Amino acid sequence: MTWTDEELVARSIRGDSESFNELVLRWERPIYSLAYRTIGREEDARDVCQETFLRAFRGLPAFRGQAKFSSWLYRIALNLCRDWMRRQRRAPIVQAPEDVDLVELAAAREPSESIEDLVARNDLSKVVERAMARLPEEQRTAIILKEYQGLTFQEIADLVGCPLSTVKTRLYQGLTVLRRELAKDPVTTSR
Amino acid sequence: MNTTCTYHGDRDEMLIAYLYDDIEAADRDTYERHLAACPACRRELGELGAVRDRLSRWSPPEPARGVDRRAASAPDTGRVVVGPSRWLTPMTEVPVWARAAAAALVFGVAAGAANLHVTYDTTGFSVRTGWMAPASAGNAAAGRDVAQDQPVPWGADLAALEARLRSDMRTSVAPPATRVASARDGEAADLLKRVRALVDESETRQERELALRMAEIATDVRAQRVADLRTIERIQSNTGVDMMRLYRMTNDLAVRVAQVR
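Residues numbered from 1 in each chain as written. Chains lettered and ligands numbered in written order. Predicted model: local features only at pLDDT ≥ 70, side-chain atom pairs only at ≥ 80, totals over all residues. Heavy atoms only, no water.

*Asks:* Would you explain the overall build of chain B in this entry?
*Replies:* A tally of regular secondary structure across chain B gives eight helices and two strands. Listed N to C, the secondary structure of chain B is α-α-α-α-β-β-α-α-α-α in terms of helices and strands. Of all 261 residues assigned to chain B, the portion counted as buried reaches 30%. Here the contacts in chain B between residues at least 6 apart in sequence split such that 52% fall between residues at least 24 apart. (Helix = DSSP H or I, 4+ residues; strand = E, 2+ residues; numbered from the N terminus. Buried < 20%, exposed > 50% of the residue type's maximum accessible area, 1.4 Å probe, protein only. Contact = heavy atoms within 4.5 Å.)

*Asks:* In this structure, what is going on with the overall build of chain A? I would like to understand it.
*Replies:* Along chain A, the regular secondary structure elements total ten helices and zero strands. For chain A, the sequential pattern of α-helices and β-strands runs α-α-α-α-α-α-α-α-α-α. Every one of the 191 residues in chain A was classed for burial, and the buried ones make up 52%. A separation threshold of at least 6 residues defines the contact pool for chain A, and within that pool the share at least 24 residues apart is 60%. Summed over its atoms, the accessible surface of chain A is roughly 8800 Å², and 49% of this surface lies on carbon and sulfur atoms. (Areas by Shrake-Rupley, 256 points an atom, 1.4 Å probe, with all protein chains shown as cover.)

*Asks:* Teacher, can you tell me more about the packing of aromatic side chains here?
*Replies:* Aromatic ring pairs are described here by two measures, namely the spacing of the ring centres and the angle between the planes. Taken as a whole, this structure holds ten aromatic pairs over all chains when the rule is applied. Ring centres of B:Tyr7 and B:Tyr31 lie 5.6 Å apart, and the angle between their planes is 80°; on these two criteria the pair is classed as edge-to-face. Here B:Tyr7, found in the segment before α1 (11–19), pairs with B:Tyr31, found in helix α2 (residues 25–37); they are 24 residues apart in sequence, far enough to count as distant. Each residue in the set A:Phe63, A:Phe69 and A:Trp72 is aromatic and connected to the rest through ring pairs, giving one cluster. Above the ring of A:Tyr148, the side-chain terminus of A:Arg37 is found at 3.6 Å from the ring centroid. Directly above the ring of A:Phe153 sits A:Lys146, whose terminal nitrogen or CZ lies 4.3 Å from the centroid. (Phe/Tyr/Trp six-rings, centres within 6.5 Å; stacked < 30°, edge-to-face > 60°. Lys NZ or Arg CZ within 6 Å of the ring centre and 35° of its normal.)

*Asks:* Looking at this model, I keep getting lost on the nonpolar core. Mind explaining?
*Replies:* Looking at soluble globular proteins, one finds that nonpolar side chains tend to be buried together. Of all hydrophobic cores here, the largest spans 72 residues; its most connected members are A:Met132, A:Leu175, A:Leu178, B:Ile16 and B:Leu55. Among the elements that make up this core, the one with the highest residue count is helix α4 (residues 69–88) of chain A (eleven residues). For A:Leu175, the residues in contact, after removing those within four places along its chain, are A:Ile143, B:Ile16, B:Leu19, B:Tyr20, B:Leu48, B:Val51 and B:Leu55. (Core = buried A, V, L, I, M, F, W, Y, C linked by side-chain atoms within 4.5 Å.)

*Asks:* Please explain helix α8 (residues 153–160) of chain A as it appears in this structure.
*Replies:* Think of an α-helix as 3.6 residues a turn; residues three or four steps apart then line up on the same face. Residue and element names in this part refer to chain A. Taken together, the buried positions of α8 are Phe 153, Ile 156, Ala 157 and Leu 159. The buried side chains of α8 occupy one side of the element, clustering within an arc of 165° when seen end-on. Once α8 finishes, Gly 161 follows within two positions and takes phi at roughly 75°, a positive value. (Arc of directions from axis to C-beta.)

*Asks:* Help me understand the pattern of salt bridges, please; the structure alone is not making it clear to me.
*Replies:* Opposite charge on two side chains permits pairing when their charged atoms draw close. Tallied over the entire structure, the rule returns 24 salt bridges over all chains. Of the charged contacts, one joins A:Asp16 and A:Arg11 as a salt bridge, the two residues approaching to 3.3 Å between their closest N and O atoms. For B:Asp22, the salt bridge is made with A:Lys146, and the minimal N-O distance between the two is 2.9 Å. One end of the pair, B:Asp22, is in the loop between α1 and α2; the other, A:Lys146, is in helix α7 (residues 137–148), on a second chain. Under the relative-accessibility criterion, A:Lys146 is labelled buried at 9%. Connected via shared salt-bridge partners are A:Arg179, B:Arg11, B:Asp12, B:Glu44 and B:Glu47. (Salt bridge = Lys/Arg side-chain N within 4 Å of Asp/Glu carboxyl O.)

*Asks:* I'm lost on a negative patch on the surface in this one. Help?
*Replies:* On the surface, B:Glu24, B:Asp27, B:Asp29 and B:Glu32 cluster together into a negatively charged patch. If you trace the backbone, B:Asp27 turns up in helix α2. (Patch = residues over 30% accessible without salt bridge, like charges linked within 9 Å, V, L, I, M, F, W, Y side chains within 5 Å. Lys, Arg positive; Asp, Glu negative; His and termini not counted. Charge placed at Lys NZ, Arg CZ, Asp CG, Glu CD.)

*Asks:* Is there a simple way to explain the packing of α1(B) against α2(B) in this structure?
*Replies:* Residues and elements named next belong to chain B. Put simply, α1 and α2 touch, their axes get as near as 11 Å, and they point 105° apart. By the angle class used here, α1 and α2 are roughly perpendicular. From α1, Met 14, Leu 15 and Tyr 18 reach across to α2, where they touch Asp 27, Arg 28, Tyr 31, Glu 32 and Leu 35. By residue class, the composition of the contact of α1 with α2 is five nonpolar, no polar and three charged. (Axes fitted to C-alpha atoms, helices over the stretch in contact; angles between N-to-C directions. Parallel < 35°, antiparallel > 145°, perpendicular 65-115°, else oblique. Nonpolar A, V, L, I, M, F, W, Y, C, P; charged D, E, K, R; others polar.)

*Asks:* Looking at this model, I keep getting lost on the side chain of A:Arg41. Mind explaining?
*Replies:* Positionally, A:Arg41 belongs in the loop between α2 (17–39) and α3 (42–59). A distance of 2.3 Å separates a polar atom in the side chain of A:Arg41 from a polar atom in the side chain of B:Asp252. (Polar contact = N/O pair within 3.5 Å; in protein donor to acceptor, adjacent residues only side chain to side chain.)

*Asks:* Help me out: how do you make sense of the confidence of the model for chain A in this one?
*Replies:* Keep in mind that low pLDDT regions are not for reading the predicted coordinates in detail. Summarising the model, chain A shows a mean pLDDT of 83, and 79% of its residues fall at 70 or more. At the level of individual helices and strands, chain A shows its lowest average pLDDT in helix α5 (residues 102–108) of chain A, which scores 48, and its highest in α7(A), which scores 94. (pLDDT = per-residue confidence, 0-100.)

*Asks:* Please explain unusual backbone geometry as it appears in this structure.
*Replies:* For residues besides glycine, phi is generally negative; the peptide bonds are generally trans as well. All names here are of chain B. If you check the backbone angles, Asp 21 has positive phi at about 55° while not being a glycine. Its place among the elements puts Asp 21 in the loop between α1 and α2. The exposure class of Asp 21 is exposed, given its relative accessible area of 52%.

*Asks:* What's the story with the side chain of A:Asp44 in this structure? I'm lost.
*Replies:* Residues and elements named next belong to chain A. Residue position: Asp 44 is located in helix α3. Engagement of the side chain of Asp 44 in a polar contact is seen with the side chain of Trp 84, the distance being 3.4 Å. Those residues in contact with Asp 44 that lie beyond four places of it in its chain are Ile 39 and Trp 84.

*Asks:* Looking at this structure, I do not really get the confidence of the model for chain B. What am I missing?
*Replies:* Residues and elements named next belong to chain B. Taken residue by residue, chain B gives an average pLDDT of 67. The fraction at 70 or more is 53%. Note that residues 69–98 has pLDDT below 50 and, in this model, 58 contacts with residues that lie over four places away or in other chains. In this model residues 122–127 is a low-confidence stretch, pLDDT under 50, and it forms 20 contacts with partners more than four residues away in sequence or in other chains.

Okay, structure coming up:
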């Protein structure tokens, strides 16, 4: 039987640790992805993911279900990402090496992919990552939540605490900047 | 903002809502009517769609470790400890040495079975396979041990043959010296002929059985070889991931050192 998040939360609050494990299993990957795309560092993204679930676990008794559990988790994760960026006092670091990293490429290679395709895919991914890192935090967050986490405009507005129209404006502005940035790069324009 | 667009209302918001298909049905209809008459909006919609397509190429790296769910098992402390996660590959569940030992065992069994020798003379009955080079006496003995330890499909035939030979020999009450003389006898010659025919027939059947078994073993060895090669590839891939992580740590360290300076 598949429990909903809310049912698992209720069971966790009653002391069923397996239910919380199930929630972690269900959400660890989306939270890690959100953290990585927001702060751009694998190790720190993992720490944020870890800390998110720790805080969620501690905060379970106070969770009253006013929002969806996933929204609550996203809010915790985003706050942790903001804290991290505040501590860094600068834009997220993009750890893109100048040259092609063959070891990384070998690890990421898909079975039927030629080395040329692999290099191109890796380059494109790095270009997008760099372009995203140049966006203002609000625009980047809006794009990540919409594009990669699949939240609705309303959910994003609730999550970041701004009007619905602001979310759409941030997305429009962010995508427009990205269009300009990506157009500068020969890797993306040639494909 | 495109100056040639004549949309009445917040055009950017409408465009983005339409782009993500997160829009009320009535608004969609209205905007689609506008789109039909507005090349500027159509062009921008296409360009932003292309941006979205490029964004989809960005995927985070696989994390080496995830969240340890043992935290929930210790609600009193609420402590979360980094530990093995489902993100680790299943390879780590079985030690490499164990896999190598299993592969060696399969190969050893196959090779041992292929070199099977069964003798039947003063010490027993012998069948030699041609798959490998002729074995030494010691190997032959070892092969016989293997044959004796394993149940074989022709075992019943062998037992029947042995029983018949013993029975025939028991009927000849003469001592060994007399037996050599009686071998010249026609009846004994017939007996030997029948025995040879039986042995030949039995050997032929056994060789067929062995050939079948060898084919099966060869198939198993090939399958295991393929599995081992895949395992090696995965190990190499894991090593690559570890090196990548090391590279990133070094990179991170270099950035931090640069900041301190």
